[in-house]
Amino acid sequence: MAERAKVALVTGGIGGIGTEICRRLARQGCLVVANHHPVEQDVADAWKRERAAEGLECETVAADVSSFEDSARMVEAIKAQHGPISILVNCAGITRDKTFKKMEPSQWTDVINVNLNSLFNVTRNLWDDMLEAGFGRVINISSVNGQRGQFGQANYSAAKAGMHGFTMALAQEGAAKGVTVNTVSPGYVETAMTEAMREDVREAIVAGIPMRRMAKPADIASAVAFLAADENGYVTGANLPVNGGLFMH
Ligand code: CAA
């Protein structure tokens, strides 16, 4: 009997990096569910049609991952329809860039809630199933700016650095149960998020990247596919940089 397709949940799955991760996992035979924020329902419907036109069967699910209750509801709905989730890619993220002296409390808490607290909210709701199944892949999409800090991103850098702390702790809890937990830290990627930056600031950053170009979303998806693969089960607690040489350590 053919093995049942693994269910992969990608939070922020209809965004620039998330879309490419969904494509890649779907092409590898996963049953992919792309999470999106409830306000993006129309965009998500169009996204699903675009994937179908590419011959990829991807599902979408609305949930605000900064809410524990909404995340729990989302995971239960996916389980009821498709079975337990084997691969989780925590990719949902936002920026609220401001120099610290101008940063409002809401700009701090929004970024921490979406980028960091979502890891607890989503992962906590499917962790027990992964342990029970004796197989799981949790992949957290952090950022080079969590590794080196970035002017104007005290909130974002704090959340992104926190993600890898979470990875390392959880990797230890999953290690003996076949569940790996890893971080991918992209550099600057060609998406709407970097497109929204001031042009002069963006150009100055690109000039400082040894490869002199931003990453393509596919560069990130490829790293995720590596960590998600069955045969890479001995990699855990790692932080894989995909940054064109912008930061090395
Ligand atoms: N280091 C030191 N000083 C800096 C600096 C830096 N990197 N960048 C700017 N400054 C200085 C400026 O020279 C300026 O000095 P003066 O006041 O003496 O002239 C001062 O800081 C103010 O700079 P700005 O004009 O840039 O300030 P602003 O308030 O207009 O803009 C900002 C602030 C919006 C945060 C802007 O600096 C910015 O966009 N920074 C980049 C943030 C960034 O990299 N975001 C990444 C988004 S994409 C992403 O996050 C994905 C990912 O994971 C990589």
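Residues numbered from 1 in each chain as written. Predicted model: local features only at pLDDT ≥ 70, side-chain atom pairs only at ≥ 80, totals over all residues. Heavy atoms only, no water.

For the record, the criterion: UniProt positions are given in the numbering used here, feature names are shortened, and annotations may be inferred rather than shown by experiment.
The name given to the protein in an unreviewed UniProt entry is Acetoacetyl-CoA reductase, with Thioflavicoccus mobilis 8321 as the source organism. Word for word, the UniProt comment on the protein under Sequence similarities (unreviewed entry) is "Belongs to the short-chain dehydrogenases/reductases (SDR) family."

### Examining the state of the cysteines
Two cysteines form a disulfide when their sulfur atoms are joined by a covalent bond. Just so we agree on the cut-off: Cysteine sulfur atoms that pair up within 2.5 Å are treated as a disulfide.
According to the stated counting rule, one finds 0 disulfides in the structure shown. Free cysteine Cys22: the closest other cysteine sulfur is in Cys58, separated by 5.5 Å. The thiol of Cys30 is not disulfide-bonded; the next cysteine sulfur, from Cys58, is found 9.9 Å away.

### Side note on the pattern of salt bridges
To be explicit about the condition: In the sections that follow, a salt bridge refers to a side-chain nitrogen of Lys or Arg positioned within 4 Å of a carboxyl oxygen of Asp or Glu. Counting from the N terminus, the helices are the DSSP runs of H or I reaching at least four residues and the strands are the DSSP runs of E reaching at least two. Any residue under 20% of the maximum accessible area for its type is buried, any over 50% is exposed, and the rest in between are partly exposed; the area is computed with a 1.4 Å probe on protein chains only.
Under the defined criterion, the tally for this structure stands at 12 salt bridges. We note a salt bridge from Glu54 to Arg23, for which the minimum N-O separation is 2.8 Å. Pair noted here: Glu54 is in the loop between helix H2 (41-53) and strand E3 (58-62) and Arg23 is in helix H1 (residues 16-27), with a separation of 31 residues, a long-range link. The exposure class assigned to Glu54 is partly exposed, which follows from its relative accessible area of 37%. One network of salt bridges, in which partners are shared, links Glu20, Arg23, Glu50, Arg51 and Glu54.

### Observations concerning the layout of surface pockets
Rules: Points on a 1 Å grid over protein atoms alone make up a cavity when a 1.4 Å probe fits among them but cannot get out, and a pocket when they form an open set with protein on both sides within 12 Å along at least five of seven lines; lining residues each have an atom within 4 Å of a point. Grid points are joined across faces, edges and corners, and a volume is the space filled by probe spheres set on the points. When residue character is reported, Ala, Val, Leu, Ile, Met, Phe, Trp, Tyr, Cys and Pro are called nonpolar, Asp, Glu, Lys and Arg charged, and the others, Gly included, polar.
Of the voids in this model, the largest pocket is the one considered here, and its volume is about 1,300 Å³. Around the largest pocket, the lining comprises 50 residues; the ones closest to its centre are Gly93, Ile94, Thr95, Tyr156 and Met193. Elements supplying a minimum of two residues to the lining of the largest pocket: H1, strand E2 (31-36), helix H5 (144-148), helix H6 (154-174) and helix H7 (192-195). Of the residues in the lining of the largest pocket, the class split is 21 nonpolar, 21 polar and 8 charged.

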